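What follows is each chain in one-letter form.
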Amino acid sequence: MTLFEILGLAAGVLFAVSAVLVTVRMVRGRSVLDRMIASDVLLTTVILVLGAEMVINGHTDNLVLMIVLAAVASFAAIAVARTIAKQDHEQEHDHEQEHP
Amino acid sequence: MIPSELDLDWWLDLASLLLILGAAVLTLAAAIGLLRFPDAMARLHSATKPQILGLLLVIIAIALQARSWSTLLLLSPIIVLQMLTAPVAAQMLSRAAYRTRNFVAEQISMDELADSEVEVRTQEIPRVAPPRES
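This is a predicted model, so every value here is computed, not measured.

The next thing to look at is the overall build of chain A. Counting its secondary structure elements, chain A contains three helices and zero strands. Across chain A, helices and strands are ordered from the amino to the carboxyl terminus as α-α-α. A buried classification covers 41% of the 100 residues belonging to chain A. The long-range share in chain A, meaning contacts at least 24 apart out of those at least 6 apart in sequence, stands at 33%. Here chain A has roughly 5,200 Å² of accessible surface; of this, 66% comes from carbon and sulfur atoms.

Following this line, the structure appears as structure tokens:
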């Protein structure tokens, strides 16, 4: 193995281990926000892996995919955060109605 | 393996692979932080490391490896879009975390919203409020 192959393999192994750990957090969760943060990190890992694959294999085919993913990556987090805030207000409203 | 004379292409490829390795280390640090940190705000803190710095390293690596102006033109909107949208998402997630009390209050050194309207409105949520002494 050449030096470049070793470096690329090490980066791939690190990315794979990170994806597995993030998936563990997404499954265990404990709240919707933790799962959403883990999902955000997993999407960032996908973007980084697309770029790393282009560098290792020496082409530029994934650039458009990286642009689209970077543009829409935050939509899911914003939507979930707004939904949680609305649930929060509804719970508070019900609570105030029960105990005025 | 290392060339005897200064070979610019070889060194640029080596630098791009080292940058990729750095981004992979940052991603692993974020994953370990996601597993180890106790609350949503600390996890958000660790999650933002590969979003900006890791992506910047990967983009510099692609620019060093491709070495063409058209690739650089396609690379610039990636980092611009990510820098514009990632703080918005992080701010909204942390606000939702604060409103649902998804943080360990003892680990916060300063709570500037402690006596604001948000705190007063949301501290009576029954399901996620901390247990009272009564």
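It should be kept in mind that the predicted coordinates are not to be read in detail where pLDDT is low. All names here are of chain B. Summary statistics for chain B give a mean pLDDT of 82 and a share of 81% for residues scoring 70 or more. The secondary-structure element of chain B with the lowest mean pLDDT is helix α4 (residues 117–122), recorded at 50, while helix α1 (residues 8–36) shows the highest, at 92. Here the prediction assigns the complex a pTM of 0.81, and the interface score ipTM is 0.82.

Within the structure shown, the criterion is met by three cavities of 30 Å³ or more. There is about 60 Å³ of room inside the largest cavity. Around the largest cavity sit Asp40, Thr44, Ile47, Ala73 and Ser74 of chain A together with Gln51, Gln82, Thr85, Ala86 and Ala89 of chain B, which together line it. Within the residue set of the lining of the largest cavity, elements represented by two or more residues are α2 (32–57) and α3 (63–98) of chain A together with α3 (69–99) of chain B. Tallied by class, residues from the lining of the largest cavity come to four nonpolar, five polar and one charged. Roughly 50 Å³ of volume is contained in the second largest cavity. As for the second largest cavity, its lining consists of Ile37 and Asp40 of chain A together with Leu44, Ala47, Thr48, Gln51, Ala86, Ala89, Ala90 and Leu93 of chain B. Listing elements by their share of the lining of the second largest cavity, those giving two or more residues are α2 of chain A together with α2 (40–66) and α3 of chain B.

A cluster of nonpolar side chains, namely Met1, Ile6, Leu9, Val13 and Val17 of chain A, defines an oily patch on the protein surface of about 480 Å² accessible area. Looking at the secondary structure, you find Met1 of chain A in the segment before α1 (3–28).

In total, this model carries two aromatic pairs over all chains according to the counting rule given. Relative to Trp11 of chain B, the ring of Trp10 of chain B lies with its centre 4.9 Å away and its plane at 90°, an arrangement referred to as edge-to-face. A relative accessible area of 15% means that Trp10 of chain B is categorised as buried. Linked through ring pairs, Phe4 of chain A together with Trp10 and Trp11 of chain B together constitute an aromatic cluster.

For the rest of this paragraph, the subject is the interface of chain A and chain B. In this complex, chain A contributes 55 residues to the contact, which on the side of chain B involves 56 residues. We note a salt bridge from Asp34 of chain A to Arg43 of chain B, for which the minimum N-O separation is 2.8 Å. For the interface between chain A and chain B, the tally reads five residue pairs in polar contact (both at pLDDT 80 or more). For the side of chain A that touches chain B, the secondary-structure elements that each account for two or more residues are α1, α2 and α3 of chain A. Across the side of chain A that touches chain B, the residue classes break down as 33 nonpolar, 14 polar and eight charged.

Scoring rules and cut-offs
- Residues numbered from 1 in each chain as written.
- Chains lettered and ligands numbered in written order.
- Predicted model: local features only at pLDDT ≥ 70, side-chain atom pairs only at ≥ 80, totals over all residues.
- Heavy atoms only, no water.
- Helix = DSSP H or I, 4+ residues; strand = E, 2+ residues; numbered from the N terminus.
- Buried < 20%, exposed > 50% of the residue type's maximum accessible area, 1.4 Å probe, protein only.
- Contact = heavy atoms within 4.5 Å.
- Areas by Shrake-Rupley, 256 points an atom, 1.4 Å probe, with all protein chains shown as cover.
- pLDDT = per-residue confidence, 0-100.
- 1 Å grid on protein atoms, 1.4 Å probe; cavity = no way out; pocket = protein on both sides within 12 Å on 5 of 7 lines; lining within 4 Å.
- Points joined across faces, edges and corners; volume = space filled by probe spheres on them.
- Nonpolar A, V, L, I, M, F, W, Y, C, P; charged D, E, K, R; others polar.
- Patch = residues over 30% accessible without salt bridge, like charges linked within 9 Å, V, L, I, M, F, W, Y side chains within 5 Å.
- Salt bridge = Lys/Arg side-chain N within 4 Å of Asp/Glu carboxyl O.
- Phe/Tyr/Trp six-rings, centres within 6.5 Å; stacked < 30°, edge-to-face > 60°.
- Polar contact = N/O pair within 3.5 Å; in protein donor to acceptor, adjacent residues only side chain to side chain.

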